[in-house]
Amino acid sequence: MCIRDRLIGRALCVCWADEVVEGSCAARRTNHLGSLTIQKGNTTDMMQKIKIRMAALPASLMLCVLMPLSVHAAKNQLTAIKADVAPTLDGVADDAAWANAPALDLSFGKGANFGDNGRTSGTLKAVRVGDMLYMVLQYQDPTHSQQRSPYVKQADGSWKKLKDPDDKGGDNSRYYEDKAAFIWPINNSIADFDTDGCFAACHDDEPPKPYGNKYTETEGELGDIWHLKTVRTAPVGQVDDQWLDHTRFDPEKAKGAGRHGDAKTGGGYKNIELKDGKPEYMSVDAKPANRGGTYWLKTGDKAPFDDSKFQPGDEVASIMIAPFEGDRGDISGGMAWKDGVWTMELGRKLVTGSETDVQFDDLSAVYLFGVSAFDNAQVRHAFVKRPLALKFEQ
């Protein structure tokens with residue numbers, strides 16, 4: 001009989017010596033590494049559940065791997081190698097740890113922008129140093145997008161926020177920031193993630209949201225989201241740590257549907273509002289964002305707004321940022337764009353203890369995940385169709 005390992009997309013066959021190995025079956029790994037719960041067969045008269053303790057298999061059985069499926073699994077598998085020295089998270093990725101790590105090739109599609117074809121390609125690497133996991137994502141992006149809805153001074157002296165004229169609600173794909181995102185099922189709780197990847201939590205065509213919503217199907221299905229935001233979190237050396245559940249969209253109570261930020265005790269980002277028709281704060285150096293300044297304002301660099309410092313056409317940040325404190329600040333990050341390539345590095349403890357984080361507490365296990373890239377887009381991301389799998393070098 002054949003066992004389809006749902007975690008790594010690999011078929012394992014437990015074969016009688018005189019048995020021809022054919023057919024199919026589905027398997028779900030339990031919390032015990034040596035135990036599989038198997039649902040056998042494609043026909044109803046063959047349905048049964050069997051529990052096998054791998055260590056207790058009789059000698060008359062043999063364990064084999066179907067080669068085509070194992071090759072497919074390897075194509076989707078990222079191996080975190082062991083390293084002695086942690087990489088510097090600066091968006092350069094010239095560290096020895098990365099040089100020795102195998103790269104997983106990625107092909108992204110069906111996103112907004114990316115040269116108007118919505119596609120890009122890249123690589124992903126991972127290393128483990130002590131109790132830390134580090135990853136580096138690199139992908140092609142022809143434009144360095146930082147112009148996240150700034151305020152612009154008009155010819156009459158008023159200030160207006162740049163807006164995407166095609167945005168019908170939470171769908172800005174013209175004046176935004178470059179981003180990337182990872183999603184990890186927590187405790188393998190998201191049904192069908194092993195076959196559908198992040199599509200298991202994607203729900204399009206749900207008015208009034210023009211691009212749909214993100215949520216899991218049922219209560220108890222949880223995901224850990226790592227949101228790499230190049231304007232709102234990268235300048236303070238962090239990745240936005242979020243989580244996903246089954247909450248449906250509500251225009252008043254749940255605009256983000258199932259997406260939530262992890263708990264925080266301070267810090268984070270917030271909008272800068274207009275006060276008396278002008279942005280409430282500016283950078284202490286009074287540099288316009290489009291003339292040597294930045295499209296973000298760090299809390300420590302803020303000053304009361306002085307309109308006399310700016311001329312028509314000047315742009316200033318509409319977002320104020322500070323490092324997250326608490327659970328939401330668990331992930332460190334360094335990101336840089338150079339010569340049409342984004343390099344995004346991150347680091348997180350293997351085990352955080354948070355209920356809204358994936359816990360890499362079993363280094364012999366395989367962890368499924370999905371990854372996406374955003375080119376100047378709020379929600380219309382380019383994605384890797386297949387689910388990916390992280391394993392740790394033993």
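Residues numbered from 1 in each chain as written. Predicted model: local features only at pLDDT ≥ 70, side-chain atom pairs only at ≥ 80, totals over all residues. Heavy atoms only, no water.

**As for the overall build of the protein**
From N to C terminus, the protein includes 4 helices and 31 strands. A fraction of 65% describes how many contacts in the protein between residues 6 or more apart in sequence connect residues 24 or more apart. In the form shown here, the protein has an accessible surface area of approximately 19000 Å², with 49% of it arising from carbon and sulfur atoms. (Helix = DSSP H or I, 4+ residues; strand = E, 2+ residues; numbered from the N terminus. Contact = heavy atoms within 4.5 Å. Areas by Shrake-Rupley, 256 points an atom, 1.4 Å probe, with all protein chains shown as cover.)

**Notes on the pairing of strand β29 (residues 366-374)**
Of all the 9 residues making up β29, 9 are buried; the element is thus mostly covered by neighbouring parts of the structure. By the bridge criterion, 5 bridges tie strand β13 (residues 179-185) to β29 in an arrangement that is antiparallel. Each bridged residue has a counterpart across the sheet, and for I183 the counterpart in β29 is G370. Pairing of β29 with strand β31 (residues 388-392) involves 4 bridges; the strand directions are antiparallel. Opposite Y367, over in β31, you have L390 as the bridge partner. (Buried < 20%, exposed > 50% of the residue type's maximum accessible area, 1.4 Å probe, protein only. Pairing = 2+ DSSP bridges.)

**Some points on the sheet that holds strand β23 (residues 297-298)**
With mixed pairing, 3 strands are arranged side by side in an open sheet as β19-β26-β23. Where the open sheet ends on each side, the last strands, each with one partner, are β19 (266-271) and β23. As paired elements, β19 and strand β26 (residues 319-325) share 5 bridges and run antiparallel to each other. For G266, the partnering residue across the bridge sits in β26 and is E325.

**What to know about the side chain of E345**
Mapped onto the elements of the fold, E345 is located in strand β28 (residues 341-349). Of the side chains with opposite charge, K125 lies nearest to the buried E345, which makes no salt bridge, at 9.9 Å. Within the local environment of E345, its side chain forms a polar contact with the backbone nitrogen of D90, the two atoms lying 3.0 Å apart. Side-chain polar atoms of E345 contact the backbone nitrogen of G91, separated by 2.6 Å. (Lys, Arg positive; Asp, Glu negative; His and termini not counted. Salt bridge = Lys/Arg side-chain N within 4 Å of Asp/Glu carboxyl O. Polar contact = N/O pair within 3.5 Å; in protein donor to acceptor, adjacent residues only side chain to side chain.)

**What about the packing of aromatic side chains?**
Across all of its chains, the model carries 16 aromatic pairs by this definition. Between F182 and F369, the ring centres sit 6.2 Å apart and the planes meet at 40°, which makes this aromatic pair tilted. A residue pair is termed long-range when its members are at least 10 positions apart, and F182 in strand β13 and F369 in strand β29 qualify at 187 residues. Residue F182 is classed as buried on the basis of its relative accessible area of 2%. Judged by relative accessible area, F369 falls into the buried class, the value being 0%. Connected via pairs of aromatic rings, a cluster forms that spans F182, W184, W226, F360, Y367, F369 and F392. Across the ring face of F374, the terminal group of K179 is positioned such that the distance to the ring centre comes to 4.3 Å. One residue, K302, lies across the ring of Y281, its end atom 4.7 Å from the ring centre. (Phe/Tyr/Trp six-rings, centres within 6.5 Å; stacked < 30°, edge-to-face > 60°. Lys NZ or Arg CZ within 6 Å of the ring centre and 35° of its normal.)

The values are spatial; any link to function lies outside them.
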